[in-house]
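Each chain, letter by letter, is given below.
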Amino acid sequence: MSVRGTRDFSHSVSPTSGELCGGAASASLPAPSGLPGLAPARPRSRAGTPGTGRACGSRSPVMAVFDTPQAAFGALRPVCVQLTRTQTVENVRQLQAHLAGVSGAALQELQEYVLFPLRFALRVPGPKQERLVQSLVQCISSVLAATCVKKQELLQELFSELCTCLAPSPSSGKAAPLSEELKLAVIQALHTLMHSAYGDVILSLYQPSTLPLLGFAVSLLLTLAEQEKAKQIKISALECLQVLVLQCDCQEHRHLDEDEAQQCGDLFASFLPGISITLSRVIAGDIKQGHKTTVSAIRLFYLIVGLVMADKQLARVPKNKEKLPVEHSRISELMIHRGPDWTKSTAEKLSLLLHKVVESSSVHPHWKVRLELVELVHHLLQNCSQSLVDSFSHLLKALVGLVNDENSEVQSRCNKVLQGIAEQRIVAQNRALADVLSENLHSLATALPRLMNSQDDMGKVSTLSLLLGYLKLLGPKINIVLNSVSHLQRLSKALVQVLELDVTDVKIVEARCSRPPGPLQQGVQKGRHQKKYFRFFMEEKVFQLLQQVCRVLGYYGNLYLLVDHFMGLYNESGLYRKQAAMILNELVTGAAGVGVDFLQERGVPLNVDDLKGSITSILDEYMDQANWYLVTSIDTEEGSPEQSVQHLGHSVRAREASSSVLLLSPEPPVTTRTMNSNIWQICIQLEGVGCFAAVLGKEFRLLLLSALYPVLEKAGDRTLLISETALGTLADICEACGYNSVQCLINENSDYLVNGISLNLRHLAHQPRASQVLDTMLRHSDASLLPLVEDVIQEVLSALDQSYNSQASTFLRVLHSVMTALVQWFGTPSAEEQQRQTDKGQSRARSQGQQEVTMTSQELERFFLDYVSQKQIADGDLPDLEEEEADEVPLAKPEPSSDTEGEAPMPIHAQLARDVMERCIHLLSDGSLRVRLKVLDVLELCVTMLHPHGNHLLPMAHRVWPALVTRLINDDPLAVLRAFKVLCTLGQTCGDFLRQRFSKDVLPKLTSSLLSQAPVSARAGPVYSHTLAFKLQLAVLQGLGSLCERLDMGESDLNKVADACLIYLSAKQPVKLQEAAQSVFLHLMHVDPDSTWLLLSEVCCPEGYEPPHASLRPVKLSGMGRPRNELTDNVLLLLQRLQQQEGTGPGTSTQEASPS
């Protein structure tokens, strides 16, 4: 710490008149030889800085330096005599100028001689100019800064004389209207005087006999600190007062021993009321006074209180008041005996002042004030933890509240102080302090729900930080709170009420799983906990603080007691269940020491067996049927067997656990709020399973037999929130138990899982979710799982054969999962097949190029050969049937002959696909629309799976065709849409096999439907794009072109398609339908570019064509010269694309007419 008040005492001032009283005094200059062994003035760190020389002015470089007392005396005597005779500012300046040339050692011996004229001038009766007084005081300060005061009498006299300069006139009784410069000079002179006292001389001021003088000085300085408006005077007065009570920041004063400190404490006890009250007013004063004033006042406050109320000093106070001599009887009345009664009374009054100080300082906008408040709490807690125990409710509240201060330095210091309190076990070893914290905790827990409902987010953060800080400070003593029924009830109910979730969002129920074909491994690894929305707060920081509160409770508290209490709340009411589950999850996490921010280690480490026992009991409660299988959605299918199964399952569970509040009655009023609540409860319980796995690590493998199957059930749930949370839990289990991925987890436990699925499928009425487990296993495993689940799939098929009327929907969901997995594992085309498709496309392109190159020879030859053949047929000259058959055999027989001779046995996945497809054929005409839609989805996957096995696919396609045609031409639009997707898939896989069937049975219906709907879509507005009719039009247009190209349709069929789609090129149609119609014509360009060009040119022909020879007729197309219409833009775009396509081909144009 550094000295603030002794840096610079030379100030230019404006003189004002003032009246000062003084008396005559005499002093004589001691001979230099009369001070044997006098050492030079001690070197000061202030040397070399402005104002620390001998005088206010700087030393002249040409002036001689007087190193001996005799030489100095000769130089100083004339100016001292002159000043004694005539007290003027000029004479004081001359003395200052001469003092600049005197060395420190010489000035030390001449100290009293030099001070005499200055003191005399101050004590001369009568009014004096303020400018003169200020110069005298500054000169005295300069002498004191360069010398040491070694006489007690001189110290006391100088102290009294300087104080008198600030005293009010005896006649007026009011403070003199002194200038600010004079006040500042006197304050700094007092500051310098206290620092110039040599050795034990300073203690002469701190005797009972000097108590009035000290009180006088204290009163003056307090008045200046409180009433002055100048910031520098206020700060200097406070710093001088700090020096006066021997709490200076500098290191120049020797440390007081215990007896001396005890004596000073007794002395300052008389001043404590006035000092503390005045300082509290300064601290809580106007913010305009500046932060430095407030910081200085706070520092002085805790230093004086920490000295007078120190526990060590109060413990040494005698029972009876010490009696002073008779001559000091009046002073004895001023002395305070710091006995128990006085200590208690003073502590009560200080508690009020401390509360005031804390309230104003904790919200001060300047961070240094808040930082000094932290130091106040630290100092008082270190020195007065016994005497001021009742005040620590305010102090600790302030300290804990500043942990989250916006300033990093305040945060850091606050954390260090809290850490020091914990390491020194101040709370642990002080039962009274622990009781105060417990009561504070009880009061805060009582008010917590009200505060969380009324405060803003920043206020909630502060409140919860305070709660967390109390728990951290209690540390191992937290069981004092937990063992009290009242405290535990208040705290638990407060946490449960604050953590109430907002379950009004409809989107939670609406969000459904889309069932992607592949595993969601990437999504699983990203953040396992779902973002929750609470009723009383929105800030994430608030939730993090609540988590820390629960974890600290689990870390320090009795885990069995806490788990038992919150499990009681869990079962007490459905209103508490979600919150209690969240708290239980965090308690276990904290008990394991995971993610806990604590100040001190707990006394006894937690036993792993105890932790495992608590987790087991919680898991049993979580996965009880009454708490695990809750209504999360309403199946709207009319007469759905699945719905009856669901209600049956709930009624069974209701009979098993009728005490549960959330269980359904036979006719339960299920609302969106109830379903949202149930969804969040399941998610929180799933998160708990993940937390428990992370806590136990590989020990959790022992609990997988009971935990894995239910979690997989939820991973296959239709509700998106539950499914994602369950997948996150699976990822947590993998990480904790040492599995590389969810796939490894499922594969290594597949035997037990498959056994459970098989058993539950046999009792589907009571276990309707076995399909969800199988679905999850298939989506997150690989082909190695197929041999294990093959028997289960066969059981599903057999059960479907026996009960397709009642359980078809459930079994179809299982079959869809199976086929999705098979397509994922085996359905991608091999590299050889992809190469074959590529070669086929390239060969077609080459053949088209050759056709264009050799058009004049081969085409003419084929034309005439066809002409001859047709002429013979027309004349009745038919070719020999044997020859015709011989010609056709090579085309029709190779595949069957090769398959029958050396066909390899079908792999398991293909056999399963064939078996499933057989069931789909029978169910394709089911009366339930939902069943038909599921059948179509499964059928599409089966066709994809059987694509490499054409000999088995084509007969199955032949069998499915009649029912599929019915779905296409006479069914609900949803079914038509789905059936058309199946048709497109069949077209990609079966090819020529479907050409005739499609042309005869389906194409007329599709084209007529497109033509009839075109006017409707042309007139419709933007809402039309959300209708089912639009989606059906769009699907047909998007798939029709590729279907025609795949099936290699004939010219008449292509013309039908082109005529039906042409109207959709109109600019009046929705943009998406226009784009889909363009795609149809782009496909037709590949099949028959000439016909497509002619059709489009008949609509709009941008160019005229001149014959290459005059003998040829000119080319006339209907589109030539036609005005611009709604089809023009799209037709021109297609013609441009056709021209680019023809231009990039290997051949030349086939058109005989050339454009003009």
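Residues numbered from 1 in each chain as written. Predicted model: local features only at pLDDT ≥ 70, side-chain atom pairs only at ≥ 80, totals over all residues. Heavy atoms only, no water.

Looking only at helices and strands, the protein chain has 52 helices and 4 strands in total. A total of 1156 residues make up the protein chain; the buried ones form 50% of that total. When contacts within the protein chain are restricted to residue pairs at least 6 apart in sequence, long-range pairs at least 24 apart make up 80% of them. Accessible area for the protein chain stands at about 53,800 Å²; split by element, carbon and sulfur atoms hold 52% of it. (Helix = DSSP H or I, 4+ residues; strand = E, 2+ residues; numbered from the N terminus. Buried < 20%, exposed > 50% of the residue type's maximum accessible area, 1.4 Å probe, protein only. Contact = heavy atoms within 4.5 Å. Areas by Shrake-Rupley, 256 points an atom, 1.4 Å probe, with all protein chains shown as cover.)

Not every positive phi belongs to a glycine, and L246 is a case in point at roughly 60°. Positionally, L246 belongs in the loop between α9 (231–244) and α10 (258–268). Even without being a glycine, D1048 presents a positive backbone phi close to 55°. Its location among the elements puts D1048 in the loop between α48 (1028–1047) and α49 (1051–1062). For D1048, a relative accessible area of 47% translates into the label partly exposed.

The next point concerns the pattern of salt bridges. A full pass over the atoms with the stated rule returns 26 salt bridges. Among the salt bridges present, the one from R281 reaches E226, with a minimum N-O distance of 2.6 Å. Taken together, the positions of R281 in helix α11 (residues 272–283) and E226 in helix α8 (residues 211–227) put the pair 55 residues apart, joining distant regions of the chain. Residue R1124 pairs with D1129 through a salt bridge whose shortest N-O separation is 2.1 Å. (Salt bridge = Lys/Arg side-chain N within 4 Å of Asp/Glu carboxyl O.)

So, about the state of the cysteines. Each disulfide consists of a covalent bond between the sulfur atoms of two cysteine residues. On inspection of all chains with the given rule, the structure shows 0 disulfides. Its sulfur unpaired, C240 is 8.1 Å from the next cysteine sulfur, which belongs to C163. (Disulfide = S-S within 2.5 Å.)

So, about the packing of α8 against α11. Helix packing for two helices is described by the angle between their axes and how far apart those axes are. Their axes nearest at 10 Å, the elements α8 and α11 cross at an angle of 10°. Comparing their axes, α11 and α8 come out roughly parallel. Note on element contacts: α11 touches α8 through G274, I275, T278, R281 and V282, opposite V218, L222, A225 and E226. Residue composition of the contact of α8 with α11, grouped by class: 5 nonpolar, 2 polar and 2 charged. (Axes fitted to C-alpha atoms, helices over the stretch in contact; angles between N-to-C directions. Parallel < 35°, antiparallel > 145°, perpendicular 65-115°, else oblique. Nonpolar A, V, L, I, M, F, W, Y, C, P; charged D, E, K, R; others polar.)

A word on helix α15 (residues 340–361). Its 22 residues place the ends of α15 30 Å apart at the C-alpha level, agreeing with the 32 Å of an ideal helix rising 1.5 Å per residue. For α15, the complete set of buried residues consists of W342, T343, T346, A347, L350, S351, L353, L354, V357, V358 and S361. At its buried positions, α15 is contacted by α11, α12 (291–308), α13 (311–316), α16 (367–383) and α17 (392–401). (Expected span 1.5 Å × (residues − 1).)

What follows deals with the environment of Q794. Its place among the elements puts Q794 in helix α37 (residues 786–802). A residue is classified by how much of its surface remains accessible, and Q794, at 29% relative accessible area, is partly exposed. When sequence neighbours within four positions are dropped, the list of residues in contact with Q794 reads L912 and D915.

We now examine the packing of aromatic side chains. Within the structure shown, the criterion is met by 12 aromatic pairs. On the numbers, 5.9 Å between centres and 25° between planes, the contact of F116 with F120 is stacked. Remark: F120 and F116 occur in helix α4 (residues 111–123); sequence separation between them is 4 residues, near one turn of the helix. Residue F116 is classed as buried on the basis of its relative accessible area, which comes to 18%. Overall, the relative accessible area of 21% leaves F120 in the partly exposed class. On the numbers, 5.0 Å between centres and 35° between planes, the contact of F534 with F543 is tilted. As far as burial versus exposure is concerned, F534 and F543 are alike and both buried. Just above the ring of Y739 sits the side chain of R701; from NZ or CZ to the centre is 4.3 Å. (Phe/Tyr/Trp six-rings, centres within 6.5 Å; stacked < 30°, edge-to-face > 60°. Lys NZ or Arg CZ within 6 Å of the ring centre and 35° of its normal.)

The terminal C-alpha atoms of helix α31 (residues 672–696), which comprises 25 residues, lie 36 Å apart, in line with the 36 Å expected from a rise of 1.5 Å per residue. Burial analysis of α31 places 21 of its 25 residues in the buried class, the great majority of the element. Positive backbone phi, at 65°, marks G697, one or two positions downstream of α31.

Once that is clear, we can look at the nonpolar core. F159, L376 and F700 are the most contacted members of the largest nonpolar core, which totals 350 residues. With 13 residues, the top contributor of residues to this core is α31. When near neighbours in sequence (up to four residues on either side) are disregarded, L376 contacts I298, F301, Y302, L354, V357 and L395. (Core = buried A, V, L, I, M, F, W, Y, C linked by side-chain atoms within 4.5 Å.)

On to the packing of α48 against helix α50 (residues 1071–1087), then. Orientation of α48 relative to α50, taken along the N-to-C sense of each, is 10°, at an axis distance of 7 Å. Considering the angle they form, α48 stands roughly parallel to α50. Counting all contacts with α48, which are made through F1030, Q1033, L1034, L1037, Q1038, G1041, S1042 and E1045, the residues of α50 involved are K1072, L1073, A1076, A1077, S1079, V1080, H1083, H1086 and V1087.

What follows is about the side chain of R602. Along the polypeptide, R602 turns up in the loop between α27 (574–591) and α28 (608–622). It is E601 that comes nearest to the buried, bridge-free R602 among opposite-charge side chains, at 6.0 Å. From its side chain, R602 meets the backbone oxygen of A591 in a polar contact 2.9 Å long. In this structure R602 touches G554, Y555, Y556, G590, A591, A592 and G593, once residues within four positions along its chain are discounted. (Lys, Arg positive; Asp, Glu negative; His and termini not counted. Polar contact = N/O pair within 3.5 Å; in protein donor to acceptor, adjacent residues only side chain to side chain.)

Our next topic: the confidence of the model for the protein chain. Of the residues in the protein chain, 81% reach a pLDDT of 70 or more, and the chain-wide mean stands at 79. Taken as a whole, residues 636–667 scores under 50 in pLDDT and shows 52 contacts with residues more than four places along the chain or in a different chain. Throughout residues 840–854 the model reports pLDDT below 50, and contacts reaching past four residues in sequence, or to other chains, amount to 10 contacts. (pLDDT = per-residue confidence, 0-100.)

Turning our attention to the environment of I331. Mapped onto the elements of the fold, I331 is located in helix α14 (residues 329–334). Assessed through its relative accessible area of 13%, I331 is described here as buried. For the pair I331 and P212, spaced 119 residues apart in sequence, the C-alpha separation works out to 7.9 Å.

Our next topic: the side chain of H487. Structurally, H487 can be placed in helix α22 (residues 485–498). Taking relative accessible area as the criterion, H487 reaches 13% and is therefore assigned buried. Looking at H487, its side chain comes within polar contact range of the side chain of S484, at 2.9 Å.

Let's shift gears to a nonpolar patch on the surface. Together, L860, F863 and F864 line one region of the surface with nonpolar side chains, adding up to about 330 Å² of accessible area. Looking at where L860 falls in the secondary structure, it is placed in helix α40 (residues 855–874). (Patch = residues over 30% accessible without salt bridge, like charges linked within 9 Å, V, L, I, M, F, W, Y side chains within 5 Å.)

With respect to the secondary-structure elements, S1118 resides in the loop between β3 (1105–1106) and α52 (1128–1143). As for S1118 and L1095, which are separated by 23 residues in sequence, their C-alpha atoms are 9.7 Å apart.

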